[in-house]
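# Geometric and topological summary
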Amino acid sequence: MQRGWKRTGLAILFFATMVMLFTACGSQITDDVLEEIDPPQIDYIEDEDELEVEVMDQDVDDGQISSITDDMDDAEEPMDEEGAEEKGGPVTVDEELHELYLVDRNGMVAPQTMNMLMPEDKLTALVEHLVQEGPVTEQLPNGFQAVLPPETEVLGVKVKNGVATIDLNESFTDYHPSQEMQILQSITWTLTQEEEVDRVKLSINGEELAAMPQNDTPIGEGYTRGHGINLEVNDQADLVSTSPVVVYFLSQTDDQTYYVPVTRRVDQQDDLYEAVINELLEGPSYTSQLLTDFRQEVALIEEPDLDNGTLTLNFNEALLSQLQGTAISENVLNMLVLSLTEQEEIESVSLMVDSESAIMMSNGESLTEPVVRPNQVNVGQF
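Residue positions are given per chain, counted from 1 along the sequence in the order it is written. In keeping with the model being predicted, local features are shown solely for residues with a pLDDT of at least 70 and side-chain atom pairs are shown and tallied solely at 80 or more, while totals for entire chains, interfaces and linings include all residues. Only hydrogens and water are set aside when side-chain values are computed; all heavy atoms of the structure are taken into account.

It is worth spelling out the overall build of the protein chain at this point. Elements are defined by DSSP. Helices are runs of H or I of four residues or more, strands are runs of E of two residues or more, and each kind is numbered from the N terminus. A count of helices and strands for the protein chain gives 6 helices and 19 strands. Here's how the labels work: a residue is buried when its accessible area is under 20% of the maximum for its type, exposed when over 50%, partly exposed in between, all with a 1.4 Å probe on protein chains only. For the protein chain, the residues scored as buried account for 47% of the 382 residues in total. Taking contacts inside the protein chain between residues at least 6 apart in sequence as the whole, the part at least 24 apart equals 64%. For the protein chain, the accessible surface area stands at approximately 20,600 Å², while carbon and sulfur atoms represent 46% of it. In this analysis, two residues are considered to be in contact whenever any of their non-hydrogen atoms come within 4.5 Å of each other. What sets the accessible areas is the Shrake-Rupley method with a 1.4 Å probe; for residues, cover comes only from the shown protein chains.

Before going further, it helps to spend a moment on the sheet that holds strand β6 (residues 154–160). On the basis of which strands lie adjacent, the open sheet formed by 4 strands has the order β6-β7-β8-β9 and mixed pairing. Looking at the sheet topology across the chains shown, the edges are occupied by β6 and β9 (207–208). Where strand β7 (residues 163–168) and strand β8 (residues 199–204) come together, 6 bridges link them in parallel fashion. Across the sheet, V163 pairs through a bridge with R199, a residue of β8. When DSSP finds two or more bridges between a pair of strands, those strands are recorded as paired.

Take unusual backbone geometry next. A positive phi angle is found at N230, which is not glycine, with a value near 50°. With respect to the helices and strands, the residue N230 is situated in the loop between β9 and β10 (231–232).

Strand order in the open sheet formed by 3 strands is β15-β17-β18, with mixed pairing between adjacent strands. Edge strands, defined here as strands with exactly one partner in the open sheet, are β15 (327–328) and β18 (366–367). Direction of pairing for β15 relative to strand β17 (residues 359–361): parallel, over a ladder of 2 bridges. By the bridge assignment for β17, I328 is matched with M361.

With respect to the helices and strands, the residue T257 is situated in strand β12 (residues 257–267). We classify T257 as buried; its relative accessible area is 7%. The term polar contact refers here to a pair of N or O atoms within 3.5 Å; inside protein, the definition further demands a hydrogen-donor-capable atom paired with an acceptor-capable atom, and it admits residues adjacent in sequence only when both atoms are side-chain atoms. Side chain to side chain, T257 and Q252 meet in a polar contact 3.5 Å long.

Given below as structure tokens:
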């Protein structure tokens, strides 16, 4: 019995020694390889990382189908009233999906749709959800954060003639100057998703702000979506002869692929719809971490045609980048629909390829009807 224990002990000692040697050597080999390899910049989303999507089977709005979004079944379930009390949150009766414009790990302001219990004062609750360490903290997607300083209190929100005036306490001023535009964009784009709000003003303890506290960014008669989001402005751009457009690109975390709006300026002399498409085809800025799913060969073969709210686009075959060139990527479809329906007059987008209207999507569904904008963007499980 004693000899057996000795043999076992020697075996364990030998095994442990070999593991330590292998680990040390492996670490050195890995470090040497990593030093020699310079990974290439990724411009395209990986095919296997496409969003889980679902096309609505039923017709919506006279034959139009909704734009494809994340699977709604994956959205986090809202807390019930008992759970809200345990969390210390407000007890409410309404459960609603709302977009919160948050800041991702790359500093971009992007919408995240969350299922929230909403009190009667919805606008105040939305602003409170933008406060760091506020009610949304535990639901935040990986890499995202709220924008308002932790001690910020919302004293009230009043709406008159489309202008929402948000009254905050002095803790609101405790943000870093570099965050000023993110804060303005986050508040504005979150509140203007509500029909009654067109622009946003701010006040501190009842005194209206003419400009932001840190960098003196003017607020004037109110901040609107027209001021842009994640602005990409060329130093040589003539602001008088150009117009802002919003286009959507992609970003990724380990858990999620999501859409990010970017504002660019285009020449007023250009066809507006074609200019939006050209910006999409140009792709994201090389200085950003954004991605695209458009291939370089994609091009329009006819001018965009707007008829009764539906914009018809005719592309070449390069639009079909999936399933050996037979199907359109769901990401490409969503980028087109989200970007173009930022124009108020566009209600839906109809696609053709080489003048053929029957198009297959990479999920196997057939796209034969105009596509409308989804009610919410970036819906998923957090």
